[in-house]
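Close look at the chain arrangement
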Amino acid sequence: MSELIVAHVDAGVGRLELNRPRVINSLNREMISTAISVLHGWRDDTDVHAVELTGAGERGFCAGADVREMAELVTADDDWLEFLGAEYELDALIAQYPKPVTVHMRGITMGGGLGLAAAASRRIVDLSSQLAMPETKIGLFPDAGVMFQLSRAGAVGTHIALTSAPFGGGDALVIGLADESSEGPLPAPLIDAAGDWIEECYASDDPAEIARALESHPHPDARTAARELRARSPFSVHVALRALRNAATLDHDGVLAQDLRLAERMVPVDFVEGVRALLIDKDNTPEWRHARIEDVPSEVVDEVFAP
């Protein structure tokens, strides 16, 4: 067992706590493999009737996969795809678990952390919940199965997927990423803004057209979103939009399979540079492979999605 995972059974409930609070419980390989092992054990344990997932510390449930560790694996030409495969295996295990799984999305719940939570059968948010899929900031795309929900959330889901926009528990409840609030009604500002500019601006299947629609819209929030979109990896934006549209026709397992296939082909492009700029050097000046959304050749994106 790992000290990064605290697991015990209390009155028939298997309680699994992510225990890496200094990095908001970011998932490394050790944590993922331990969580899989614990859940497999509880699945066949007749004394365990339900499972509850929580995160240690005050900052949040889980900030996602440990992308620093993964970037090191990519740089060393180590088996980084095995890291992602294990993460997605854990997501699938939670989604298919034969016993009720409750997740408390307190505080920061992002990326792979949101993937864990979204797969559970009971997902609880509160006023502190800070959710996001920030992958286009680091040269990736929203993965861990979350495209299943985002692809069914209309234009708001597209906005979240492409721009890495943060959102709270109220929006999560409406778009299918949460089931209940522990603190009563919660605000849903993205849903409230959908009719003002989001639905109009995210109608296209062309990222360049979306960017121009945002830039030309009179609403100031649309123009802010345009700047955010332009700051993301152009390659990631293209892959994310096509992956999102595809995900609308897939089940959760199909989305996870797509995630692994796409990651294998696109991670070597911008991911290491994105992690460097955002999390290591923190200069926020990534040198993306393609300078602008308009510069990404369609055939390059086609290659990522080739059979």
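Summarised in this report is the structure supplied together with it. (Residues numbered from 1 in each chain as written. Predicted model: local features only at pLDDT ≥ 70, side-chain atom pairs only at ≥ 80, totals over all residues. Heavy atoms only, no water.)

Before going further, it helps to examine the overall build of the protein. Counting its secondary structure elements, the protein contains 13 helices and 8 strands. The C-alpha atoms of the protein give a radius of gyration of 19 Å, which matches the 19 Å a tight globule of 307 residues would have. With respect to the principal axes defined by its C-alpha atoms, the protein has extents near 60 × 45 × 35 Å. Burial statistics for the protein: of 307 residues in total, 55% are counted as buried. (Helix = DSSP H or I, 4+ residues; strand = E, 2+ residues; numbered from the N terminus. Rg over C-alpha atoms; globule rule 2.2 N^0.38 Å. Buried < 20%, exposed > 50% of the residue type's maximum accessible area, 1.4 Å probe, protein only.)

On to helix α10 (residues 220-231), then. An α-helical turn contains 3.6 residues, so a residue and the one three or four places further along point in the same direction. A rise of 1.5 Å per residue sets the reference length of α10, with its 12 residues, at 16 Å; its end C-alpha atoms lie 17 Å apart and thus fit the reference within 8%. When we look at burial in α10, the residues that qualify are Ala 222, Ala 225, Ala 226 and Leu 229. Buried positions in α10, seen along its axis, are confined to an arc of 110° and lie on one side of it. (Expected span 1.5 Å × (residues − 1). Arc of directions from axis to C-beta.)

Further remarks concern the sheet that holds strand β2 (residues 13-18). As summarised here, the arrangement of the 6 strands in space is β1-β2-β3-β4-β6-β8, forming an open sheet in which the pairing is mixed. Looking at strand neighbours, the two that pair on one side only are β1 (5-10) and β8 (180-181), the edges of this open sheet. (Pairing = 2+ DSSP bridges.)

Time to look at the nonpolar core. The biggest cluster of nonpolar side chains holds 99 residues, and the ones touching the most others in it are Tyr 202, Leu 214 and Phe 271. Not counting residues up to four positions away in its chain, the partners in contact with Tyr 202 are Ala 155, Thr 158, His 159, Leu 162, Thr 163, Trp 197, Ile 210, Leu 214, Ala 225 and Arg 245. (Core = buried A, V, L, I, M, F, W, Y, C linked by side-chain atoms within 4.5 Å. Contact = heavy atoms within 4.5 Å.)

Attention now moves to the pattern of salt bridges. All told, the structure shown has 17 salt bridges when counted by the stated rule. When the shortest N-O distance is used, the salt bridge between Asp 205 and Arg 245 registers 2.6 Å. Here Asp 205 is found in the loop between α8 (189-201) and α9 (207-216), whereas its partner Arg 245 is found in helix α11 (residues 234-247), with 40 residues between them in sequence. With a relative accessible area of 28%, Arg 245 lands in the partly exposed category. The partner of Arg 276 in a salt bridge is Glu 273, with the nearest N and O atoms 2.9 Å apart. Separated by 3 residues within a single helix, Arg 276 and Glu 273 lie in helix α12 (residues 252-280), roughly one turn from each other. Within this structure, Arg 212, Glu 215, Arg 230, Arg 292, Glu 294 and Asp 295 form a network of salt bridges that share partners. (Salt bridge = Lys/Arg side-chain N within 4 Å of Asp/Glu carboxyl O.)

The set of residues buried in α9 consists of Pro 207, Ala 208, Ile 210, Ala 211 and Leu 214. Down the axis of α9, the buried side of the element spans an arc of 160°, and every buried residue falls inside it. In the core, the buried residues of α9 are packed alongside α6 (154-163), α8, α10 and α11. Capping of α9 at its N-terminal end is provided by Asp 206; its side-chain oxygen lies 2.9 Å from the backbone amide nitrogen of Ala 208. (Polar contact = N/O pair within 3.5 Å; in protein donor to acceptor, adjacent residues only side chain to side chain.)

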